[in-house]
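Structural overview for review
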Number of protein chains: 2
Amino acid sequence: MSAPSVTIGEASRATGVSAKMIRYYEETGLLGPAERTASGYRVYSEGDLHALRFVRRARDLGFSMREIADLLALWHDRSRASAAVKAVALDHVADLRRRIGELEAMARSLEHLAERCCGDDRPDCPILDDLAGGAEIR
Amino acid sequence: MSAPSVTIGEASRATGVSAKMIRYYEETGLLGPAERTASGYRVYSEGDLHALRFVRRARDLGFSMREIADLLALWHDRSRASAAVKAVALDHVADLRRRIGELEAMARSLEHLAERCCGDDRPDCPILDDLAGGAEIR
DNA sequence: TCTTGACCTTCCCACGATGGGAAGGCCCAT
DNA sequence: ATGGGCCTTCCCATCGTGGGAAGGTCAAGA
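Residues numbered from 1 in each chain as written. Chains lettered and ligands numbered in written order. Predicted model: local features only at pLDDT ≥ 70, side-chain atom pairs only at ≥ 80, totals over all residues. Heavy atoms only, no water.

**Comments concerning the interface of chain B and chain A**
Taken together, the contacts link 52 residues of chain B with 52 residues of chain A. In this assembly, chain B packs against chain A so that about 4,500 Å² is buried in total across both faces, 67% of it on carbon and sulfur atoms. Together, Leu 110, Leu 128 and Leu 131 of chain B form the three largest contributors to the area buried by chain B at its contact with chain A, with a combined 15%. Put simply, chain B and chain A have six salt bridges between them. Here Asp 130 of chain A makes a salt bridge to Arg 57 of chain B, at a shortest N to O gap of 2.6 Å. Between the two partners, chain B and chain A, sit 22 residue pairs in polar contact (both at pLDDT 80 or more). If you list the elements that add at least two residues to the side of chain B that touches chain A, you get α3 (46-60), α4 (65-76), α5 (82-115) and α6 (126-137) of chain B. Top element by residues in the side of chain B that touches chain A is α5 of chain B. It accounts for 21 residues. (Contact = heavy atoms within 4.5 Å. Buried area = accessible area lost by both parts, 1.4 Å probe. Salt bridge = Lys/Arg side-chain N within 4 Å of Asp/Glu carboxyl O. Polar contact = N/O pair within 3.5 Å; in protein donor to acceptor, adjacent residues only side chain to side chain. Helix = DSSP H or I, 4+ residues; strand = E, 2+ residues; numbered from the N terminus.)

**Examining the relation of the copies chain B and chain A**
In screw terms, the move from chain B to chain A is a rotation of 180° and a rise of 0.0 Å along the axis, fitting with an RMSD of 0.1 Å. These values place the two chain copies in the arrangement generated by a two-fold rotation axis. Using C-alpha coordinates, one finds that chain B approaches the rotation axis most closely at Ile 100 of chain B, a distance of 2.7 Å. A shared interface surface links the copies, since 100% of the contact residues of chain B are contact residues in chain A too. (Least-squares fit on C-alpha atoms with pLDDT ≥ 70 in both.)

**A short note on the protein's contact with DNA strand D**
Within the structure, DNA strand D sits among 19 residues, and Lys 20 and Tyr 41 of chain A together with Thr 7, Gly 9 and Arg 23 of chain B are positioned closest to it. Of all DNA strand D atoms lying within 4 Å of any protein atom, the proportion belonging to sugar or phosphate reaches 66%. Within the side chain of Ser 18 of chain A, one N or O atom sits 3.0 Å away from a phosphate oxygen of DNA strand D. Residue Ser 39 of chain A places a side-chain N or O atom 2.8 Å away from a phosphate oxygen belonging to DNA strand D. (Near = heavy atom within 4 Å.)

**Topic: the protein's contact with DNA strand C**
Inspection of the region around DNA strand C gives 19 residues, with Thr 7, Gly 9, Arg 23 and Arg 42 of chain A together with Lys 20 of chain B positioned closest. Between DNA strand C and Tyr 41 of chain B there is a distance of 2.8 Å, counted from a base nitrogen to a side-chain nitrogen or oxygen. Elements represented by at least two residues in the surface near DNA strand C include exactly α1 (8-15) and α2 (19-27) of chain A together with α2 (19-27) of chain B. Ranked by residue count, the leading element in the surface near DNA strand C is α2 of chain B, at four residues. Along the lines of polarity and charge, the residues of the surface near DNA strand C split into seven nonpolar, six polar and six charged. (Nonpolar A, V, L, I, M, F, W, Y, C, P; charged D, E, K, R; others polar.)

**Some words on the domain arrangement of chain A**
How big an interface is tends to be stated in terms of the accessible area lost upon association of its parts. For chain A, the assigned domains are domain 1 (1-64) and domain 2 (81-138). Centre-to-centre separation of domain 1 of chain A and domain 2 of chain A, based on C-alpha positions: 37 Å. (Domains from an automatic or database assignment.)

**Description of the environment of Asp 91 of chain A**
Residue and element names in this part refer to chain A. Mapped onto the secondary structure, Asp 91 falls in helix α5 (residues 82-115). Judged by relative accessible area, which is 56%, Asp 91 ranks as exposed. Between the alpha carbons of Asp 91 and Glu 67 there is a distance of 9.8 Å; along the sequence they are 24 residues apart. (Buried < 20%, exposed > 50% of the residue type's maximum accessible area, 1.4 Å probe, protein only.)

**Concerning the state of the cysteines**
Disulfide: a covalent bond connecting the sulfur atoms of a pair of cysteines. Summed over the entire model, instances satisfying the criterion amount to zero disulfides over all chains. The cysteine Cys 118 of chain A is free of any disulfide, with Cys 117 of chain A supplying the nearest cysteine sulfur at 5.5 Å. What makes Cys 118 of chain A partly exposed here is its relative accessible area of 44%. Here Cys 125 of chain B stays free of any disulfide, with the sulfur of Cys 117 of chain B as its closest cysteine sulfur at 3.7 Å. (Disulfide = S-S within 2.5 Å.)

**Some remarks on the side chain of Arg 80 of chain A**
Considering the arrangement of structural elements, one finds Arg 80 of chain A in the loop between α4 (65-76) and α5. Among the polar contacts made by the side chain of Arg 80 of chain A, one reaches the main-chain carbonyl oxygen of Pro 123 of chain B at a distance of 3.1 Å. In this view, Arg 80 of chain A contacts Leu 74, Trp 75 and Val 85 of chain A together with Asp 121, Arg 122, Pro 123, Cys 125 and Leu 128 of chain B; residues no more than four positions away in its chain are not counted.

The structure is reproduced here in structure tokens:
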């Protein structure tokens, strides 16, 4: 029932966030300063671990640290409007979709070039031709 | 007919690669050291501009500098097998597809959560609920 | 009690690719 | 000759992450 008060290494193992990153999150203010033992060791409560898991999950979903800071503030604000959270999430989805579109365009261009490249021992290669003169040729 | 011998600023405007990046490419060895005037200014020939456009196009296609170094070497090797180029390109496509898949998974998860979030003035929010306890709840 | 090994601390450095900016030199046109 | 626009090098920042050194701490076993 009492807070477990684990060290940074145990917190890392319990949350999947590296000790390095836990310190970094503290240093940059994403998370508040951790409690310390008399000898200076950082100590984490169950609530701290909860926050670390929150951050980890948000990173897994591709949120930036800036966005995570916003989400954490909303999480701690019990009277937040769900609309505010949804807005952050949908902004992020739009960003993801934009990046997906860029990567898709690259992949399609390259696949198109690769299709036309016979890929044998001969030196002729439409891929290099495109890179070397792309703008002029098409 | 003669090589135009332009300055770095003109080379930048002619190729769309910033002067900063041209110097960086030289510093890291992606491109050979540029010719210099007596006073130390870098000087670029038409062949140099061609290489810069090659790099720019490859960057536009998302190739890393490491991959571009490989592609430049293949470009300069007139007896290369097109298969080698195709292999680099298809490796890169696979990498792009993998990254697209990751972003897609994030976007879909978030869209799924956002759908279930009514997004009004009330504080209840499945998005935050997922972040706060994701692993346990689903 | 002493040692040993695992842990913690802070501090610095690196990545990849890009941009910002300062301090100082160069070149050309007026 | 002077001014403005260009060039040079050098350092710093980004973002999120990892590596590693130097030194302190803690618990377990001899």
